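# Chain and residue survey
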Amino acid sequence: MTLLEVEGLSVRFGRRRRRAIEDVSFAIEPSQRLGLIGESGSGKTVTALALMGLLPQNAAVGGEIRVNAVSVRDLDEHSYSRLRGDAMSMVFQEPMTALDPTMRVGRQVAEALLLHSRHQAGSSRKSVMAMLERVGLDEVGRIADSYPHQLSGGQRQRVCIAMALINSPDLVICDEPTTALDVTVQAKVLQVLNEVLGAEGAACLFISHDLAVVSQVCDQVIVMLDGRIVEAGTVAGVFSHPEHPYTKGLVATARLDQMPPGERLPTVPDFYRGQL
Amino acid sequence: MSILRAEAVSRCFGAFPALRGIDLEVGLGQRLGIVGESGAGKTTLIKLLAGLDQPDSGQVWFDQKIVSGRPERDLGFLRSSLQIVFQDPRSSLNPRMRVGSIITEPLRSKRVRRELNDIDQRQRLGEVLKMVDLPADSADRYPHEFSGGQRQRIAIARALAPKPQVLIADEPVSSLDVSVRAQVINLLADLVEREGLTLLFVSHDLMVVRHLCDSVIVMRAGEIVERGQSAEVFEHPQTDYTKALWAAVPRIRV
Amino acid sequence: MRKAQLNIGLVLVGLVILAGVLSLLWTPYDPIRVTSNRLLPPGWPHLLGTDGMGIDIASRLLIGARYCLIVGVISVGVAAVVGVPLGMLAGMRGGWLDELTMRVADIVYAFPALLLAMLLAAAFGASTGTAMAAIGIATIPAFARIARAGTLQVVASDFVLAAKAAGTSRWGIAARHVFPNIAPLVGVQASVGFAMAILAEAALSYLGLGTPRPTPTWGAMLRDAQDVWYTQPVQALWPGLSIALAVLGFNLLGDGMRDVLDPRLREVK
């Protein structure tokens, strides 16, 4: 059974009905990893928030979203909130703002767990520690008792991943999870994400503007431009033989490693001169 | 002939040693990459070189003139000849100023004007806007009307306005989309070439540094752990730290 | 919702200003001449009735609006003109100067405005001037603190670092970068401070520490109404309602401005 089906999804904002995304359709099978590529303002984050039912009040949503063949568009807020963090969870770009600065991180992970299971508060600590260990954190006892500001950016993002995965969700949505991190930390976080997603068999919608990062996590990819999907396929296919001129531009700019130093780099407008 | 020199420079913030005895010499026309993780001391180092902060010990020289320990009013020579482009153009441009006055700000300082023989502000504004490929009518608009890549161009235009000899770029493309990154790197490379600038380029992205810089220093915990020509350092890294940094650069895996 | 707040605030404040300006040109009756038509109920030709001295209440309210505006503008002006530069100086220089300024502000803050007003009234005689001075001085710390907090935030931003790197002097940074960015905060504080000044002036006049008779301020009208409280409670209603609505108006205006002027809300178009 297909895990997530999105059909003709569109989102408009405000009284003037400004279009954010239009006619977006894709599907994610269980344990599949789908990359969503696009620039700032292309509608990536709006798509993610629409799936999670987290769009602001002034958003008008059209189209269909089905999770495990059940439409979530008809769900009331209460049923939706039981779905969030359980069947599907999310990892945000900025781990500092995604965590509550006034609460010890161990307790935050425990709350994510207790919200959706019948765990007793006592036995939850063991699960929390185990989860923190699985995202590659050392000294989990000390980390669990720390406040977010006492941790490094990489540690915070691992805590967020632990929170997102502690209820063994079917789908994890990652919105630019490593953009705020150093390359070395990014590499470690990506490795951890790959490991835990694999171990849990969870599917993933991985949103990024960085093709290289997407290629390290995902097997399928869709490319978004101005709120629409312009290309979709396997990572290998799209990245080696892009069809849409915009995708060609994206792929060319991402291959910095293949350029001789000092030479002029190809840019997106070399390939695609639409609205950018 | 060196234009910037740091001798045994150290700087502590409370008990935390951000820099421990850095020695560095930058030649005229050199394009030096400064790489390392967050907290390695990269930004502290360039603040000291730019005279925006004072070392606890050691000395900084610019063009045979001492920078460290001097009061701001004596630093006019440095303010006109050394400029900085910051990481995030969303915070480095005053949201309540028009682009025109943002760019000409370096030209309005009395200390800088003394060094520049009263440059014509209007004319220079037009010149630098053209140099960074922004339309001339940008001057009357506000920063929030521009995209991230365009805002970084505005920041670059501001840095170029006083005709500096040295341009320091502190992670200038880290907050930009990968697809916009190439355009800003091309622009920087062009400008450095055409204006004969000396470039200090701070980044945690080694691929960009390899592309843009002829030489590189690798920093870790307030010290320089490796230095040399870019090609040499990246193809034959000597320390495990540099190897790890190089290995961490994300590459397309198909 | 936010818009509504701002609009209601604007209407109420507009009414006070209108009344104050109108009182310069015209009042229905002489606002200080004592007549024999005492304690008339609301009706015609005295719309809101007359007070214990036989003076038209509507006329006194109009004059009162003028005094309330004068007191607000001058006391808030004094507080802002002194407090904002002090706060900016403290925030930009830091160190011992910052410590000193803020400790002095704490002391002034802790010193009751009422006591200050009494001291000033004792020294110079109770007048509108002493009331304004007392309110102004007592409000300086609020402005200094908000200006300092805003300054610290602005000074930490990259654009100030960029301005320093461009050789901009401290004065230039203060005038071009710090002040424009904290101006909205100061504006909001001014509006809220205005409301507090109106309230404080009414209290001082009520206690006889403000504008002396026969000038009709809203506080003085309340005091007069107290004499006939048991027989004519409606007498207290008019000045009381005026004070309440004016205070509400300036508070709503302040809150509304805070939301409208927040650049983070503006940037997301």
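Residues numbered from 1 in each chain as written. Chains lettered and ligands numbered in written order. Predicted model: local features only at pLDDT ≥ 70, side-chain atom pairs only at ≥ 80, totals over all residues. Heavy atoms only, no water.

### Re the overall build of chain C
On a plain count of helices and strands, chain C comes out with 10 helices and zero strands. Secondary structure elements in chain C, listed N-terminal to C-terminal, are α-α-α-α-α-α-α-α-α-α. Projecting the C-alpha coordinates of chain C onto the three principal axes gives extents of approximately 75 × 50 × 30 Å. Summing over all exposed atoms, chain C offers an accessible surface of approximately 13300 Å²; the carbon and sulfur share of this is 71%. Charge separation in chain C, taken as the distance between the mean sites of 19 positive and 14 negative side-chain charges, equals 6 Å. (Helix = DSSP H or I, 4+ residues; strand = E, 2+ residues; numbered from the N terminus. Areas by Shrake-Rupley, 256 points an atom, 1.4 Å probe, with all protein chains shown as cover. Lys, Arg positive; Asp, Glu negative; His and termini not counted. Charge placed at Lys NZ, Arg CZ, Asp CG, Glu CD.)

### Focus on the interface of chain B and chain A
The interface of chain B with chain A comprises 26 residues on the first partner and 38 residues on the second. Of the roughly 2800 Å² buried between chain B and chain A on both sides combined, carbon and sulfur atoms contribute 59%. Linking chain B to chain A there are zero salt bridges. Run the count over chain B and chain A and you get 14 residue pairs in polar contact (both at pLDDT 80 or more). Among the elements that make up the side of chain B that touches chain A, the one with the highest residue count is helix α8 (residues 178-195) of chain B (eight residues). Tallied by class, residues from the side of chain B that touches chain A come to 14 nonpolar, six polar and six charged. (Contact = heavy atoms within 4.5 Å. Buried area = accessible area lost by both parts, 1.4 Å probe. Salt bridge = Lys/Arg side-chain N within 4 Å of Asp/Glu carboxyl O. Polar contact = N/O pair within 3.5 Å; in protein donor to acceptor, adjacent residues only side chain to side chain. Nonpolar A, V, L, I, M, F, W, Y, C, P; charged D, E, K, R; others polar.)

### Thoughts on the pairing of strand β1 (residues 4-13) of chain A
Residues and elements named next belong to chain A. Two elements, β1 and strand β4 (residues 59-67), share eight bridges in a ladder whose sense is antiparallel. Across the sheet, residue Leu4 finds its bridge partner in β4, namely Val67. Relative to strand β2 (residues 18-28), β1 runs antiparallel, the two being bridged by seven bridges. Bridge assignment links Arg12 to a residue of β2, and that residue is Arg19. (Pairing = 2+ DSSP bridges.)

### Description of the sheet that holds β4 of chain A
With respect to topology, four strands assemble into an open sheet ordered β2-β1-β4-β5 (chain A), the strand pairing being antiparallel. Whereas interior strands pair on both sides, the edge strands pair on one side only; in this sheet they are β2 and β5 (70-71) of chain A.

### Describing the state of the cysteines
Residues and elements named next belong to chain A. All chains considered together, the criterion is met by zero disulfides over all chains. For the unlinked cysteine Cys204, the closest cysteine sulfur is that of Cys174, found at 4.0 Å. Cys204 sits in the buried class, given a relative accessible area of 0%. Cysteine Cys218 is unpaired, with the sulfur of Cys204 as its nearest cysteine sulfur at 5.9 Å. The class of Cys218 is buried, set by a relative accessible area of 8%. (Disulfide = S-S within 2.5 Å. Buried < 20%, exposed > 50% of the residue type's maximum accessible area, 1.4 Å probe, protein only.)

### Notes on helix α11 (residues 245-254) of chain A
Within α11 of chain A, eight of the 10 residues are buried, leaving the element largely enclosed by the surrounding structure. What α11 of chain A keeps buried is the set Tyr246, Thr247, Gly249, Leu250, Val251, Ala252, Thr253 and Ala254 of chain A.

### Observations regarding the packing of aromatic side chains
Residues and elements named next belong to chain B. Scanning the model with the defined rule gives four aromatic pairs over all chains in all. Between Phe62 and Phe77 the ring centres are 6.4 Å apart and the planes differ by 40°, which places this aromatic pair in the tilted class. Within this pair, whereas Phe62 is found in strand β4 (residues 57-62), its partner Phe77 is found in helix α2 (residues 76-81), the two being separated by 15 residues in sequence. Lying over the aromatic face of Trp246, Arg251 brings its terminal NZ or CZ to 5.1 Å of the ring centre. (Phe/Tyr/Trp six-rings, centres within 6.5 Å; stacked < 30°, edge-to-face > 60°. Lys NZ or Arg CZ within 6 Å of the ring centre and 35° of its normal.)

### Some thoughts on unusual backbone geometry
Within the chain, Ala69 of chain A stands out as a residue other than glycine whose phi angle is a positive 70°. Here Ala69 of chain A lies in the loop between β4 and β5.

### Some points on the side chain of Thr211 of chain C
All names here are of chain C. Tracing the chain through its elements places Thr211 in the loop between α7 (170-206) and α8 (218-227). For Thr211, a relative accessible area of 6% puts it in the buried group. Looking at Thr211, its side chain comes within polar contact range of the side chain of Thr128, at 3.0 Å. Apart from residues no more than four positions distant in its own chain, Thr211 is found in contact with Tyr67, Ser127, Thr128, Glu201, Ser205 and Thr217.

### Section: the interface of chain C and chain B
Taken together, the 22 residues of chain C in the interface contact 25 residues of chain B. Between chain C and chain B lies a buried interface of about 2000 Å² when both sides are counted; carbon and sulfur atoms form 54% of it. Scanning the region where chain C abuts chain B turns up one salt bridge. A salt bridge links Glu105 of chain B to Arg176 of chain C; the nearest nitrogen and oxygen atoms lie 3.7 Å apart. Here chain C is connected to chain B by 12 residue pairs in polar contact (both at pLDDT 80 or more). Of all elements in the fold, only α6 (158-165), α7 and α10 (263-267) of chain C reach the threshold of two or more residues within the side of chain C that touches chain B. Ranked by residues supplied to the side of chain C that touches chain B, first place goes to α6 of chain C with seven residues. By residue class, the composition of the side of chain C that touches chain B is 10 nonpolar, six polar and six charged.

### A closer look at empty space enclosed by the protein
Residues and elements named next belong to chain C. According to the stated counting rule, one finds two cavities of 30 Å³ or more in the structure shown. Here the largest cavity is characterised by a volume of approximately 70 Å³. Around the largest cavity, the lining residues are Asp51, Ile57, Arg60, Met221, Asp224, Ala225, Gln235 and Pro239. Secondary-structure elements contributing two or more residues to the lining of the largest cavity are α2 (57-93), α8 and α9 (234-261). When its residues are assigned to classes, the lining of the largest cavity shows four nonpolar, one polar and three charged. (1 Å grid on protein atoms, 1.4 Å probe; cavity = no way out; pocket = protein on both sides within 12 Å on 5 of 7 lines; lining within 4 Å. Points joined across faces, edges and corners; volume = space filled by probe spheres on them.)

### A closer look at the confidence of the model for chain C
Summing up the model confidence of chain C, the mean pLDDT is 87 and the portion of residues at 70 or higher is 96%. Reported confidences for the modelled complex are a pTM of 0.83 and an ipTM of 0.83. (pLDDT = per-residue confidence, 0-100.)

### Some points on the pattern of salt bridges
In total, this model carries 29 salt bridges over all chains according to the counting rule given. For the salt bridge of Glu7 of chain B with Arg5 of chain B, the shortest nitrogen-to-oxygen distance reads 3.1 Å. Given a relative accessible area of 32%, Glu7 of chain B falls into the partly exposed group. For Asp88 of chain B, the salt bridge identified is with Arg90 of chain B, shortest N-O distance 3.3 Å. Owing to a relative accessible area of 44%, Arg90 of chain B belongs among the partly exposed residues under this scheme. Here the salt bridges share partners, and the residues they tie into one network are Glu99, Arg103, Asp106 and Arg145 of chain C.

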